[in-house]
Every structure is written in structure tokens, then in C-alpha cells.
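Summary of structural features
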Amino acid sequence: MQLLRSKKLIAIFGFSTLFVSLIGLFIYPSQGTLSEGFRTPIIAFELAQSTEDLNFLTGSGEMAIQIRSDMRAGQNLDIVFPFLYAGLIFCLILFESKRINWLAGVGLFVSVTIVPFDLYENYILDQILFRLDSLKDVSDLLPRLEVATWWKWGAIGIAMVILSILYFIEKQRLNGFLALFAGLSIFCTWVSCSNGFVAEIMMGFVSFFFIYFGIRSLVLYFQLKKTGSV
């Protein structure tokens, strides 16, 4: 029964993460004249290093106003999202390890910090959007955005790498490699100084991580429930 409850909790976070991600695809802006290498507006926004990187959000034109409006709607959704995806990572670390050791403890702590880091990043992004609406300068907010963004992404990357190590310990190599590639892709983006091409590859790995583990959590739960295993 305890095993079923733990799988159910993972499945709840997994399904919720996938569901909210799907909603986000329809809410966040999907196009814009982005800096070189970027194809995803929200990633270009989070990793902006200069006011030129925010040109697609800047101005009083109809297109810029619409993109800012869509971005703000996405940010409203992102108030909930950190609790879901961080919860999924937390539960994977907690319930898929046969025993909690110091490494798992570090992973649990880091996965919890993702939530306040993400919410702080959202606060900075909202401040930038507010200033852009008023056609004010945002250059002084960009260093704060960089710190907030990499606190969040750094915590996600560390938690994923720790999860991968735990999977390797349990001899679940496929799960280990998927988590490792996602975590290392974040590190590579940081090392590349937020290069657009590398960042989009990172998003591919991270998105696949959540899709795979989200679907896997549902499959495992329903298989366990069907067999009545405890």
C-alpha cells in the first residue's frame, strides 16, 4: 500500500507537470524576432543579457504589446508550475531510491529551493514587463535577472544530476542517462554564456525529461494499481 501511495504521488505531480506544460504552449508567445539561436520567446526572455535581446518585447507597436501580454499571461501560469515540476523531481528522488543517503538528502533540499528561485525569477521578469509597458529602461534589472535565472536553472540541473546518480546506483541506466543529459545540458548552457543554440538544445533535453518521467509515472502507477501490488 505504501508503494502504491508513493507511485500515486509521483503520478499526480507527473500528470500535473505535463498538463500545465501543455497549457503553457498555448498561452506563452510562440513567435518573435529573437536573438540569434533562440526559437522560444520565454527562454530568450529568461536568458536575455542586453536590452537588444529584449527587442522583441520592446516598443509600443501592436506586435510587441501582444507579445508582452501573452508573456504576462504565461507568467501568471508559472506561479503554479514551479511547485509541480519541482515536486516531481522531489518525489522521484524521495521514492525511487531504496534508501535515503546524504546524496539524496542534498537532492531533496536542492529540489525544494527550485520553487523560491523560480518565483524570484518570475518577479524580476514581471518587473521588466512592467517597465517595458511604460517604455522605461530595464538595463539595471538584467544583472538581477541573470542571477535569478541561473539560481533556478542551476538548482534544476544539480537536482537532475543527483537524480541520475541515484538511478545509476539502482542500476536504472536509461533513467540515469536521461536525467544526466538534461542536467548537463543546463550546465553547458551556463558555460556557453547563454548561447541561444545551446539553450534551445537544453530545452529539448529538459522537456524530454519531464515528458518521459511524467508519462512513466502514470504508466507505473496504473500498472501497479492493476496488479494490486503493495
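Presented here is a report on the structure given in the accompanying data block. (Residues numbered from 1 in each chain as written. Predicted model: local features only at pLDDT ≥ 70, side-chain atom pairs only at ≥ 80, totals over all residues. Heavy atoms only, no water.)

**Some details on the side chain of Thr17**
With respect to the helices and strands, Thr17 occurs in helix H1 (residues 2-27). Its relative accessible area of 1% is what places Thr17 among the buried residues. When near neighbours in sequence (up to four residues on either side) are disregarded, Thr17 contacts Phe81, Leu84, Tyr85, Leu88 and Phe210. (Helix = DSSP H or I, 4+ residues; strand = E, 2+ residues; numbered from the N terminus. Buried < 20%, exposed > 50% of the residue type's maximum accessible area, 1.4 Å probe, protein only. Contact = heavy atoms within 4.5 Å.)

**Structural notes on the packing of H1 against helix H4 (residues 81-95)**
The contact between H1 and H4 brings their axes to 9 Å, and the two run at 150 degrees. Judged on the interaxial angle alone, H4 and H1 are roughly antiparallel. The handedness of the crossing between H1 and H4 comes out as left-handed. In contact with Ser6, Leu9, Ile10, Phe13, Gly14, Ser16, Thr17, Val20 and Ser21 of H1, H4 contributes Phe81, Phe83, Leu84, Tyr85, Gly87, Leu88, Cys91, Leu92 and Phe95. Of the residues assigned to the contact of H1 with H4, the class counts are 12 nonpolar, six polar and no charged. (Axes fitted to C-alpha atoms, helices over the stretch in contact; angles between N-to-C directions. Parallel < 35°, antiparallel > 145°, perpendicular 65-115°, else oblique. Left-handed = near helix turned anticlockwise from the far one by under 90°. Nonpolar A, V, L, I, M, F, W, Y, C, P; charged D, E, K, R; others polar.)

**Considerations on the side chain of Lys7**
Examined against the element boundaries, Lys7 turns out to sit in helix H1. Accessibility expressed as a relative area gives 17% for Lys7, which makes it buried. In this view, Lys7 contacts Glu96, Ser217, Leu220, Tyr221 and Leu224; residues no more than four positions away in its chain are not counted.

**Looking at H1**
For an α-helix the count is 3.6 residues per turn, leaving residues at separations of three or four pointing the same way. In this model, H1 (26 residues) spans 38 Å end to end at C-alpha, consistent with the 38 Å of a helix rising 1.5 Å per residue. When H1 is considered as a whole, its buried residues turn out to be Leu4, Ser6, Lys7, Ile10, Ala11, Gly14, Ser16, Thr17, Val20 and Gly24. Looking at the buried positions of H1, the neighbouring elements they touch are helix H3 (62-77), H4 and helix H8 (196-227). (Expected span 1.5 Å × (residues − 1).)

**A short note on the pattern of salt bridges**
Summed over all chains, the structure comprises seven salt bridges. Ionic pairing is found between Lys7 and Glu96, a salt bridge with its closest N-O pair at 3.4 Å. Taken together, the residues Lys7 in helix H1 and Glu96 in the loop between H4 and helix H5 (102-133) connect sequence positions 89 residues apart. Taking relative accessible area as the criterion, Glu96 reaches 10% and is therefore assigned buried. Among the salt bridges present, the one from Asp140 reaches Arg131, with a minimum N-O distance of 2.6 Å. Using a relative accessible area of 24% as the deciding quantity, one classes Arg131 as partly exposed. Taken together, the shared-partner salt bridges connect Lys7, Glu96 and Arg216 into one network. (Salt bridge = Lys/Arg side-chain N within 4 Å of Asp/Glu carboxyl O.)

**Quick look at the environment of Ile65**
By secondary structure assignment, the location of Ile65 is in helix H3. Assessed through its relative accessible area of 43%, Ile65 is described here as partly exposed. On a C-alpha basis, the gap between Ile65 and Leu132 in space is 9.2 Å, while along the polypeptide they are 67 residues apart. The contacts of Ile65, once residues within four sequence positions are left out, are Gly59 and Ser60.

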